[in-house]
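Residues per chain are reported as follows:
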Amino acid sequence: MTEVQMKATRDGFGEALLSLGEKQNKVMVVCADLEESMRVEEFGKRFPERMVEVGVAEQNMVGLAAGLALEGNCVFAVSYAAFSPGRSWDQIRVSVALSNLNVKIVGGHTGLGVGPDGATHQALEDIAIMRVLPGMMVVVPADAYQARQATERLSELYGPAYLRLTRQKTGLFVDKALKFEIGKAQILRQGKDITVVGCGPILGEAMKVAEKLAGRVSVEVINMHTVKPIDAETLIRSAKKTGRVLCIEDHQVTGGLGGAVAEVLSEKMPVRLERMGVADKWGESGLPEDLYEKFGLSARWIEGRVEKLML
Amino acid sequence: MPKPDLPLVARDIRKNIIRSLAIAGSGHTAGAMGTADIFAWWYFGGGLRHRSGEPSWEGRDRLILSCGHYAPVLYVTLAMAGYFPLAELSSLRKIGSRLQGHPVKRVELKKMSGLGHEILPGVENTSGPLGQGVSVAVGMALAAKRRGEKHWVWCLGSDGEVQEGQTWEAYISAVKYELGNLIYVIDYNNIQITGEVSKIMPLGNLKKRLEGCGMEVMEIDGHDFEDLEKVKEWAGLHPKTPKAVIMVTTPGKGVGFMENNYRWHGIPPTKEQAFDALEELIRGKK
């Protein structure tokens, strides 16, 4: 197997912003004291007139972004997800979502993958609280290249959106030739025995498992990069074919992608379903790979769950 | 055009607030009544540059209502200024109405996408949960400044609202970005829903606190039109500093049994109380 290139989704986001900055003068960035970490520092240097630094004040960041958007700008409001949407949810709900403004909430450092910073910084609830808002698009790129595509596409689509990013370097495993479209899932691998649907870099682990089991178990892998609006059609079609669905995400199983998948399948195509994620627990400090092992999200655990579902 | 008699306009605004709230059967009376004078001045006395026939006119001064529960005074004034028919005021808070209990502004690409009602012309922002409008106003003022646009961004907030931490985040960001085009008016009426602001959570020396953030601060009598005129002259003197106006008002102004009684913060008059209130507004205090 060739060596997989490693890169964080936040880097893909930062690169996309720079190229968007060149192309569109309506693109603005508002940041709450995390310019370097969220990879918007370069944007600020290149386009100082379109950068706003609000300091450690996520509520004001979102409200201010709404004001800029009311004047016709496409605004990326950038912080760690634990703080925004974590702390700024009321502002997102009223000033952004209800007002249907062109503000993209960008939440970095999500999931157990944050690692050593521990539970306070490991946003594990963000998908749930964002996907419940009417009209809110929720996008979770699987790798850095996809983060770049998602950022570009979101800037072209009017309306409120949440872009979920990650800190750690992860493999660029999604075939770049695959079409990327908001609201349209990607079938990363065709299979007939079981469907593994997931979002974010953790899906790379599922791909490794699918490859390992090939020949014995035919695993279909679906990248549900857009959690909302969810691509129910692709999900239902696959579930109908395989009859078994395993959902995986670096997020609480309650309310996240697992919740969304369960909602669709239980109503439209009831099949055997298992959801992998963080099971109503708090994260803790540690290296991402150790945490994934401890919380049951590593490739080894995924393989076990696939095998169990195949019984 | 002769200059309108602003006290008379303000009196009509108050009458319409009473009527609308009595018909609605719920809503917030005191703050709306207390700020009728500045609304009269804004929309009829030259306080705001605006065009009722062209609500999205780019050169307009923006008025961001941060204390969304003051909606009745905004709606009444907009209707009287010709933004929409006066008759529509009786739909306040009714199902399907554009006059929502708290103002909703929505930027729609497709008409009626996702909402059960249409958007009222003249409403600049969505508000209700307190503290949010101040940040929105800062964003609008910043956008205007960076584009070199010359309009003012006004924001009306309430004194109880200052208890929200977000407002303080907003003030210092306005100072940092030297938003001299921002005039933030605090309706200082010393009531909130549970009681008097000075008892529920005292604000300390508000003038000093705002000055401490770096804002220019002016204290005025919110029922004195000469004071309101002075705000505009004063605002022009400080091109790089955001302005805060501590506007002292009497909650429930104009109706004796409502004035200075916090219990009128969040309730409407009954039909009988509305008749009494209208009579007092028309004939003067008994």
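The structure we're discussing is the one just above.
Attention in this report is confined to the structure presented alongside it.

1. Description of the overall build of chain B
Piece 1. Across its full length, chain B holds ten helices and seven strands.
Piece 2. For chain B, the C-alpha radius of gyration of 18 Å lies close to 19 Å, the compact-globule estimate for 286 residues.
Piece 3. By principal-axis analysis of the C-alpha atoms, chain B measures approximately 50 × 45 × 40 Å.
Piece 4. By the burial criterion, 57% of the 286 residues in chain B qualify as buried.
Piece 5. In chain B, of all internal contacts separated by at least 6 residues, the share reaching a separation of at least 24 is 73%.
Piece 6. With the model as given, the accessible surface of chain B reaches about 11,600 Å², and the carbon-plus-sulfur share is 54%.
Piece 7. Charge centroids of chain B, computed over 35 positive and 32 negative side chains, lie 4 Å from each other.

2. Brief notes about the overall build of chain A
Piece 1. Along its length, chain A carries eleven helices and 14 strands.
Piece 2. Against the globule reference of 19 Å for 311 residues, chain A gives a C-alpha radius of gyration of 19 Å, in line with a compact fold.
Piece 3. Structurally, chain A occupies a C-alpha span of about 60 × 40 × 35 Å along its principal axes.
Piece 4. Considering chain A as a whole, with its 311 residues, one finds that 62% of them fall into the buried category.
Piece 5. Of the contacts formed within chain A by residues at least 6 apart in sequence, a portion of 77% connects residues at least 24 apart.
Piece 6. For chain A, the separation between the mean place of its 38 positive charges and that of its 40 negative charges on side chains is 6 Å.

3. A few points about the interface of chain B and chain A
Piece 1. At the junction of the two partners, chain B supplies 27 residues and chain A supplies 31 residues.
Piece 2. Buried area between chain B and chain A, summed over both chains or domains, comes out near 2,400 Å², and the portion from carbon and sulfur atoms is 52%.
Piece 3. Counting the surface chain B buries against chain A, the share from its top three residues, B:Gln132, B:Arg146 and B:Glu169, is 24%.
Piece 4. A salt bridge links B:Arg62 to A:Glu71, with the nearest nitrogen and oxygen atoms 2.9 Å apart.

4. Re the pairing of strand E10 (residues 194-198) of chain A
Residue and element names in this part refer to chain A.
Piece 1. Summarising burial for E10: five of the five residues are buried, a large majority.
Piece 2. The alternating pattern of E10 places Ile194, Val196 and Gly198 on one face and Thr195 and Val197 on the opposite face, and all of these are buried.
Piece 3. As paired strands, E10 and strand E11 (residues 219-223) are joined by five bridges and run parallel to one another. Its bridge partner lying in E11, Thr195 is registered against Glu220.
Piece 4. Since E10 and E11 lie parallel, the crossover through helix H7 (residues 203-213) that links them has a hand, and here it is right-handed.

5. So, the packing of aromatic side chains
Residues and elements named next belong to chain B.
Piece 1. According to the stated counting rule, one finds eleven aromatic pairs over all chains in the structure shown.
Piece 2. Ring plane angle 90 degrees and centroid distance 5.1 Å describe the contact between Phe39 and Trp42, whose orientation is recorded as edge-to-face. Of this pair, Phe39 and Trp42 both sit in helix H3 (residues 36-44), three residues apart, which is roughly one turn of the helix. Like Trp42, Phe39 is buried.

6. A short note on helix H5 (residues 132-147) of chain B
Residues and elements named next belong to chain B.
Piece 1. Between its first and last C-alpha, H5 extends 23 Å over 16 residues, near the 22 Å set by a 1.5 Å rise per residue.
Piece 2. Counted residue by residue, H5 has 13 buried out of 16 residues, so it is predominantly covered.
Piece 3. At the exit of H5 stands Gly148, carrying a positive phi of roughly 75 degrees.

7. Re the sheet that holds strand E2 (residues 27-31) of chain A
Residue and element names in this part refer to chain A.
Piece 1. Overall, mixed pairing links the seven strands, which are arranged E3-E2-E4-E5-E7-E6-E12 in an open sheet. Of all the strands in the sheet, the pair left with one neighbour each is strand E3 (51-53) and strand E12 (226-228). Taking the axes of each pair of neighbouring strands and ignoring which way they run, one obtains an average angle of 20 degrees across the sheet.
Piece 2. Sheet topology places E2 next to strand E4 (residues 74-80); five bridges connect them, and they run parallel. Bridge pairing in E4 places Val30 opposite Ala77.

8. Re the side chain of A:Gln186
Residue and element names in this part refer to chain A.
Piece 1. Relative to the helices and strands, Gln186 resides in strand E9 (residues 186-189).
Piece 2. With relative accessibility at 3%, the residue Gln186 sits in the buried group.
Piece 3. Here the side chain of Gln186 touches Gln146 through a polar contact of 2.9 Å, side chain to side chain.

9. Side note on empty space enclosed by the protein
Piece 1. Inspection of the entire model under this criterion finds three cavities of 30 Å³ or more.
Piece 2. Quantified by volume, the largest cavity comes out at close to 70 Å³.
Piece 3. In terms of lining, the largest cavity is formed by A:Thr110, A:Gly111, A:Val140, A:Arg164, A:Thr166, A:Gln168, A:Cys199, A:Gly200, A:Pro201, A:Ile202, A:Asp250 and A:Tyr292.
Piece 4. Viewed by domain, the lining of the largest cavity spans two of them, domain 1 (6-171) and domain 2 (186-306) of chain A, each represented by three or more residues.
Piece 5. Roughly 40 Å³ of internal volume is contained in the second largest cavity.
Piece 6. Lining the second largest cavity, in full, are A:Ala66, A:Leu70, A:Ser95, A:Ser99, B:Lys105, B:Glu124, B:Asn125, B:Thr126 and B:Val136.
Piece 7. When grouped by side-chain class, the residues that make up the lining of the second largest cavity number three nonpolar, four polar and two charged.

10. Focus: helix H10 (residues 271-283) of chain B
All names here are of chain B.
Piece 1. The terminal C-alpha atoms of H10, which comprises 13 residues, lie 18 Å apart, in line with the 18 Å expected from a rise of 1.5 Å per residue.
Piece 2. Within the span of H10, buried status applies to Ala274, Ala277, Leu278, Glu280 and Leu281. The buried residues of H10 occupy one face: seen down the axis, they fall within an arc of 160 degrees. Along H10, the residues that are exposed and aim more than 90 degrees away from the buried face are Glu272, Phe275 and Arg283.
Piece 3. Residues of H10 that are buried in the fold lie against helix H1 (6-24) and helix H2 (30-34).

What counts and how
- For every chain, the first residue of the written sequence is number 1, and numbering continues from 1 onward in sequence order.
- Whichever chain is written first is A, and whichever ligand is written first is 1; the rest continue in order.
- Given that this is a predicted model, residues contribute local features only at a pLDDT of at least 70 and side-chain atom pairs are listed and counted only at 80 or more, while totals for whole chains, interfaces and linings are drawn from all residues.
- Each side-chain value is derived from all of the structure's non-hydrogen atoms; neither hydrogens nor water enter the calculation.
- Helix and strand definitions here come from DSSP, where helices need a minimum of 4 consecutive H or I residues and strands a minimum of 2 consecutive E residues; each element is numbered from the N-terminal end.
- In this treatment the radius of gyration is a C-alpha quantity, and the globule benchmark scales as 2.2 Å times the residue count to the 0.38 power.
- Type-normalised accessible area, obtained with a 1.4 Å probe on protein chains alone, sets the label of each residue: buried when under 20%, exposed when over 50%, and partly exposed for intermediate values.
- Only heavy atoms matter for contacts: two residues are in contact if any of them lie within 4.5 Å across the pair.
- Per-residue and other accessible areas follow the Shrake-Rupley method at a 1.4 Å probe size, with only the shown protein chains counted as cover for residues.
- Only four residue types enter the charge count: Lys and Arg as positive, Asp and Glu as negative, with His and the chain ends excluded.
- A charge is said to be at NZ when it belongs to Lys, at CZ for Arg, at CG for Asp and at CD for Glu.
- Simply put, the buried area is the total loss of 1.4 Å probe accessible area from both parts when two parts are fitted together.
- For this document, the term salt bridge refers to a Lys or Arg side-chain nitrogen within 4 Å of an Asp or Glu carboxyl oxygen.
- When DSSP finds at least two bridges between two strands, those strands are taken to pair.
- Seen with its strands pointing away from the viewer, a crossover is right-handed if its path from the first strand over the helix to the second goes clockwise.
- Planes of paired rings set the category: under 30 degrees apart is stacked, over 60 is edge-to-face and the rest tilted, where pairs are Phe, Tyr or Trp rings (Trp by its six-membered ring) whose centres lie within 6.5 Å.
- Multiplying 1.5 Å by the helix residue count minus one yields the expected span of that helix.
- Structural elements are reduced to axes, namely lines fitted to C-alpha atoms, with helices fitted over the stretch in contact, and the angle between N-to-C directions of any two is expressed from 0 to 180 degrees.
- Polar contacts, as used here, are pairs of N or O atoms within 3.5 Å; protein pairs need one atom able to donate a hydrogen and one able to accept it. Residues neighboring in sequence count only if both atoms are side-chain atoms.
- Of the two site types, the cavity is a set of points on a 1 Å grid over the protein atoms alone where a 1.4 Å probe fits but cannot get out, and the pocket is an open set with protein on both sides within 12 Å along at least five of seven lines, each lined by residues with an atom within 4 Å of a point.
- Grid points are joined across faces, edges and corners, and a volume is the space filled by probe spheres set on the points.
- Domain delimitation in this document rests on an assignment produced automatically or drawn from a domain database.
- Amino acid classes used here: Ala, Val, Leu, Ile, Met, Phe, Trp, Tyr, Cys and Pro are nonpolar; Asp, Glu, Lys and Arg are charged; the rest, including Gly, are polar.
- The directions from the helix axis to the C-beta atoms are what the arc is built from.

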